[in-house]
Every structure is written in structure tokens, then in C-alpha cells.
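Descriptive structure summary
Each chain, written out:
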Amino acid sequence: MSARPDRTPLARSFFDRPVLTVAPDLLGRVLVRRTPDGPVELRITEVEAYEGAADPGSHAYRGRTARNASMFGPPGHAYVYFIYGMWFSLNLVCGPPGHASGVLLRAGEVTVGADLAAKRRLSARTPRELAKGPARLATALDVDRSLDGTDLCAGPDSPLSLLTGTATPPDLVSNGPRTGVGGAGAAHPYRYWITGDPTVSPYRPHAPRRRAT
């Protein structure tokens, strides 16, 4: 019989490490989202790392703005952004303050609150599709820009926190290019996922957007 996932909250020191160390170590950890409607818990199965000023694919590559300010720390906070005028994405800030690195949560398995998540994700055909992709994950968890800057290490009253869960052994972790990233950052193998997990989203290379003629 396998051991139950560890319910101990992760300390800030977990996030205060290089982003390429934190990213694969997030696989198997449990994200808790608390709302007045009830909690939803998610076992993280897919992530992408972004290295800030050293990474052409990062929102912080060209410096600090009002949009990306949360990426600059301190570690253990949320960075939430709006994309394509439709969707939110949830990132976890890593590394020392000022470094602006973070991990995008791309997919996970809803382990608590699946009925609530399904009400938010009416197009999901199966439970494994509830959080299969970053926009779906954010929708299932009711994440929007109001959570930008949230401290995940603030205790049980925080709307977001991360539990130890069950770390994924290195031999079960795969990595490869990030989804939808173009330009100089396209080839960085900074996407990590649990090998063979059915909730992991499909890889899609960057497709340049066509300009209207």
C-alpha cells in the first residue's frame, strides 16, 4: 500500500532555489485553492520554468513592468497573468528577490473538489481534462489577476498554498521544449512532466500569429 501524500505545507526555502531545480521538484506536490465555495486540490503533473533576464521566453526578459512585478519576488508568491484576452495562467515565483524567475503550472490532477472544478470547466469531458493545460488549470481553480502576488507560504488562511504531497522520482520525470515558446527561447528544455501521466497536456510548438491583411 502506498503512503498517503504528505500534508505538510512547503516552506519558503523550497521556492528560494534556482528555478531549474524547483520546477521538476514541483511535480507531485499538491496545490490548494481555497474559495468561499470550497477547496480544490491539485496534484501538479506538468510545469514550465522561466529564468527571467537570462531567458528570452520569460515575461521578465526585458525588465520589470507593472504586469510582471510579482515575478521579482520574494519567492513563494504567485504570479498571475492574462493572455490572449481570454485566459489566466498561474506561476510560482522562485529564487532570490530581484531575480524574476518562476514556474508556470501547466497541468494537474484534481484530487479534492472535482465537482466544484467541473462546474467551472463545463467543457471538460473527463476528470483528467479538468486541469489539462494552463488555462484550464486556472479556470478549474478559479484563478484570476486578483491572486497575483498571493503569498503561498502565509498559512491556512491564504487562498493558495502548496503541500509537500509526494515528490516524483527523477526517473519518472521527462523534460523537453516549452509549449508555444518561439524565438531564442524555443529550444530551451524547460518543460517538465510526469512521464505517462494522463493529465499532462499535449506539446505544441510555437506557431507565429498571422497579421491581418
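Scroll up to find the structure this text is about.
This write-up is about the structure you can find in this document. (Residues numbered from 1 in each chain as written. Predicted model: local features only at pLDDT ≥ 70, side-chain atom pairs only at ≥ 80, totals over all residues. Heavy atoms only, no water.)

1. Observations regarding the pattern of salt bridges
Worth spelling out the cut-off: The salt bridge criterion pairs a side-chain nitrogen of Lys or Arg with a carboxyl oxygen of Asp or Glu, the two atoms within 4 Å. The way it works is that DSSP assigns letters per residue, a run of H or I at least four long becomes a helix, a run of E at least two long becomes a strand, and they are numbered from the N terminus. Relative accessibility under 20% of the residue-type maximum defines a buried residue, over 50% an exposed one, and the middle range a partly exposed one, all with a 1.4 Å probe and only protein chains included.
Following the criterion strictly, the structure yields 13 salt bridges and no others. Of the charged contacts, one joins aspartate 197 and arginine 43 as a salt bridge, the two residues approaching to 2.6 Å between their closest N and O atoms. Within this pair, whereas aspartate 197 is found in the segment after strand 9 (191-194), its partner arginine 43 is found in strand 3 (residues 38-50), the two being separated by 154 residues in sequence. For arginine 43, a relative accessible area of 24% puts it in the partly exposed group. Between glutamate 129 and arginine 125 there is a salt bridge, and its shortest N-O distance comes to 2.8 Å. Several salt bridges share partner residues, and in doing so they unite Glu46, Glu48, Arg106 and Arg191 into one network.

2. Here's the deal with the nonpolar core
Here is the rule: Side-chain atoms within 4.5 Å are what join buried Ala, Val, Leu, Ile, Met, Phe, Trp, Tyr and Cys residues into a set we call a nonpolar core. Two residues qualify as a contact provided that any one of their heavy atoms is within 4.5 Å of a heavy atom in the partner residue.
Residues Leu26, Leu31, Val47, Leu90, Leu105, Leu162 and Tyr192 are the most contacted members of the largest nonpolar core, which totals 40 residues. Sort the elements by how many residues they give to this core and strand 3 lands first, with five residues. Discounting residues that sit within four places of it in the chain, leucine 90 has contacts with Leu31, Ala78, Tyr79, Val80, Val103, Leu104, Leu105, Leu137, Val143 and Leu160. Ala60, Tyr79, Tyr81 and Ala100 belong to the second-largest nonpolar core, a separate cluster that totals 10 residues.

3. Structural notes on the layout of surface pockets
Just so we agree on the cut-off: With a 1 Å grid spanning the protein atoms alone, the term cavity applies to any set of points in which a 1.4 Å probe fits but cannot get out, the term pocket to an open set with protein on both sides within 12 Å along at least five of seven lines, and the term lining residue to any residue with an atom within 4 Å of a point. Grid points are joined across faces, edges and corners, and a volume is the space filled by probe spheres set on the points. Under the scheme applied here, ten amino acids are nonpolar (Ala, Val, Leu, Ile, Met, Phe, Trp, Tyr, Cys and Pro), four are charged (Asp, Glu, Lys and Arg), and all others, including Gly, are polar.
Approximately 980 Å³ is the volume attributed to the largest pocket. The wall of the largest pocket is formed by 36 residues, among which Ile83, Tyr84, Arg106, Pro134 and Thr179 lie closest to the centre. Secondary structure elements with two or more residues in the lining of the largest pocket: strand 3, strand 4 (78-83), strand 5 (87-94), strand 6 (101-112) and helix 4 (134-140). Ranked by residues supplied to the lining of the largest pocket, first place goes to helix 4 with four residues. The class makeup of the residues in the lining of the largest pocket is 14 nonpolar, 13 polar and nine charged. Of the pockets and cavities examined, the second largest pocket occupies roughly 240 Å³. Along the wall of the second largest pocket there are 18 residues; nearest its centre are Pro5, Gly28, Val30, Arg43 and Thr166.

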